[in-house]
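# Structural features, examined
Chain by chain, the residues:
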Amino acid sequence: MEKIEKKKQSSTTVLQSEKLIVQFGGLKAINEFSFQLSDRELHFIIGPNGAGKTTFLDVLCGKTKPTSGNVLFKESIELGKLYEYQIVRKGVGRKFQAPSIFPSLSVMSNLEIAMKQQKGFWHILRAKLSEGDKEHIHEMLTLIGLKEESNRTAGTLAHGQKQWLEIAMVLMQDPELVLLDEPIAGMTEEEEEKTGELLRTIAKDRAVIVVEHDMDFVRKFADKVTVMHEGTWLCDGSMEEVQQNERVLEVYLGRR
Ligand SMILES: Nc1ncnc2c1ncn2[C@@H]1O[C@H](COP(=O)(O)OP(=O)(O)OP(=O)(O)O)[C@@H](O)[C@H]1O
């Protein structure tokens, strides 16, 4: 996979939540959760089942509204007040666990559609791609290692390749923040490695939040890790730091 070498610049806060609460009936799935994300950071959120990780991503992309509190994107954009499509336009892109590629279309066509969706409904029906658009698509194919597969029907790709195509479709929106939910689920070791490298490359230009259960993967690729437990912030830091945290050992790693 080709790497785009861009030096990380000094970091600014791109996302901040303070005392965020999301309640489903009597259950506080998110309970006064505070979180901070720097620009160009590959930030993993870990925690036991039911900790509230996916619910947090749902709030960030507008799928779920906060019960109280909010999340500030780029200092002033209150994500909790926006609809999903508005959040996409503000620069937050999410890849869901469930596949969303068009399996009967070529890899190239999938990326073209993603690009036109970004530009609006009429572009999907009418507009031809400019030379610049085509170049952008080719750059993306190179980034995800699918240049040789551009004419292949997307449905025939290997599992890992489909996941990379989906990531590329999110990137066609040129988001400043990318959200990924368990991106390596079902992948081979080699695919996991390539995915980790791809995430590192992506995070050279934008912030990335990954919800992940595979601790070896997190250890290898995370810039920073936040541990959630019962909807709240438990601790954050490097993987080494959170692994040594007493509370994490007690509630999450179980002192095995
Ligand atoms: N739409 C919903 N309605 C009711 N309860 C919900 C809803 N979505 C999530 N929950 C509950 O909120 C809690 C947090 O769920 P969430 O999926 O965010 O956890 P998670 O950390 O992502 O877990 P996992 O690692 O198992 O995916 C769980 O108890 C879950 O059952």
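Residues numbered from 1 in each chain as written. Predicted model: local features only at pLDDT ≥ 70, side-chain atom pairs only at ≥ 80, totals over all residues.

In this section: the pairing of strand E10 (residues 232-237). The pairing of strand E9 (residues 224-229) with E10 spans five bridges and is classified as antiparallel. Paired with histidine 229 across the bridge in E10 is threonine 232. (Pairing = 2+ DSSP bridges. Helix = DSSP H or I, 4+ residues; strand = E, 2+ residues; numbered from the N terminus.)

Counting 65 residues, the largest nonpolar core has Leu111, Met140, Ile144, Leu165, Ala168 and Val208 as its most contacted members. The element best represented in this core is helix H6 (residues 159-171), accounting for seven residues. No fewer than three residues from each of domain 1 (8-91 + 175-256) and domain 2 (97-164) sit in this core. When near neighbours in sequence (up to four residues on either side) are disregarded, isoleucine 144 contacts Trp164, Leu165, Ile167, Ala168 and Leu198. (Core = buried A, V, L, I, M, F, W, Y, C linked by C-beta atoms within 7 Å. Buried ≥ 20, exposed ≤ 12 C-beta atoms within 10 Å, placed from the backbone. Domains from an automatic or database assignment. Contact = placed C-beta atoms within 7 Å.)

Domains assigned within the protein are domain 1 (8-91 + 175-256) and domain 2 (97-164). If you average the C-alpha positions of domain 1 and of domain 2, the two centres end up 26 Å apart. Facing twelve residues of domain 1, the contacting portion of domain 2 comprises eight residues. A per-element tally of the side of domain 1 that touches domain 2 places helix H7 (residues 189-202) first, with five residues. Grouping the constituent residues of the side of domain 1 that touches domain 2 by class yields four nonpolar, four polar and four charged. (Nonpolar A, V, L, I, M, F, W, Y, C, P; charged D, E, K, R; others polar.)

Attention shifts here to the site of the ligand. Surveying the vicinity of the ligand reveals the residues Phe24, Leu27, Ala29, Gly47, Asn49, Gly50, Ala51, Gly52, Lys53, Thr54 and Thr55. Counting residues per element, the shell around the ligand draws most heavily on helix H1 (residues 53-60), which supplies three residues. Along the lines of polarity and charge, the residues of the shell around the ligand split into four nonpolar, six polar and one charged. (Near = placed C-beta within 6 Å.)

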